[in-house]
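These are the residues of each chain, in order.
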Amino acid sequence: VQLQASGGGLVQAGGSLRLSCEASGSISSNNVMGWYRQTPGKQRELVASITGSGSDNHAVSVKGRFTISRDNAKNTVDLHMNNLKPEDTAVYYCFFLALAGPRRYYWGQGTLVTVSS
């Protein structure tokens, strides 16, 4: 599975951005897609995830501001980020977790989101 992420960039606090990630290759139907983020010196944090059936989960720190969605026909997952805060500044990584057979994570290349105050 290959993941191609897009979006990100520089935005002022209170602004919005959308991250997109497209999966390609041998994609099983039983999977979870989502986004992690990481800042220097901190552990990678799960931001949001969504199953193929649409069951989603958002970190407390982004709940009410970020929304994850996916298009199973296109194998894409989007992260809509609103009311961005400087503490949202991080490199965001999309992931694909295959649940059929041995669980395995696949990662996108990471995209930088910078929120200025």
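Residues numbered from 1 in each chain as written. Predicted model: local features only at pLDDT ≥ 70, side-chain atom pairs only at ≥ 80, totals over all residues. Heavy atoms only, no water.

1. Let's talk about the pairing of strand S10 (residues 104-107)
Consideration 1: Across 4 bridges, the pairing between strand S9 (residues 90-98) and S10 is antiparallel. Counterpart to Ala98 in the pairing with S10 is Arg104.
Consideration 2: Between S9 and S10, which follow one another and run antiparallel, lie 5 residues, and Gly101 among them has a positive phi close to 75°. (Pairing = 2+ DSSP bridges. Helix = DSSP H or I, 4+ residues; strand = E, 2+ residues; numbered from the N terminus.)

2. Digging into the nonpolar core
Consideration 1: Leu3, Trp35, Val47, Phe66, Leu79, Met81 and Tyr92 are the most contacted members of the largest nonpolar core, which has 28 residues in total.
Consideration 2: Here this core takes 5 residues from S9, the largest share from any one element. (Core = buried A, V, L, I, M, F, W, Y, C linked by side-chain atoms within 4.5 Å. Buried < 20%, exposed > 50% of the residue type's maximum accessible area, 1.4 Å probe, protein only.)

3. Topic: the sheet that holds strand S1 (residues 2-7)
Consideration 1: Across the sheet, which stays open at both edges, the 4 strands sit in the order S1-S3-S8-S7 with antiparallel pairing between neighbours. Because the sheet does not close on itself, it has two edges, and the strands there are S1 and strand S7 (66-71). For this sheet, the mean angle separating the axes of adjacent strands, direction not counted, is 15°.
Consideration 2: Two elements, S1 and strand S3 (residues 17-24), share 6 bridges in a ladder whose sense is antiparallel. In the strand pairing of S3, Gly7 is matched with Leu19. (Axes fitted to C-alpha atoms, helices over the stretch in contact; angles between N-to-C directions.)

4. Re the pattern of salt bridges
Consideration 1: If you walk through the whole model with that rule in mind, you get 3 salt bridges.
Consideration 2: Arg37 is the partner of Asp88 in a salt bridge, and the nearest nitrogen-oxygen pair spans 3.0 Å. With Asp88 in the loop between strand S8 (76-81) and S9 and Arg37 in strand S4 (residues 31-38), this pair connects stretches of sequence that are 51 residues apart.
Consideration 3: Judged by its relative accessible area of 1%, Asp88 is buried.
Consideration 4: Under the relative-accessibility criterion, Arg37 is labelled buried at 7%.
Consideration 5: Between Arg65 and Asp88 there is a salt bridge, with the nearest N and O atoms lying 2.7 Å from each other. Here Arg65 is found in the loop between strand S6 (56-58) and S7, whereas its partner Asp88 is found in the loop between S8 and S9, with 23 residues between them in sequence. Here Arg65 and Asp88 have matching classes, each one buried. (Salt bridge = Lys/Arg side-chain N within 4 Å of Asp/Glu carboxyl O.)

5. As for unusual backbone geometry
Consideration 1: Its identity is not glycine, yet Asn75 carries a phi of approximately 55°, on the positive side.
Consideration 2: Of note in this structure, Asn83 is not a glycine but carries a positive phi near 50°.
Consideration 3: When you line up the elements, Asn83 lands in the loop between S8 and S9.

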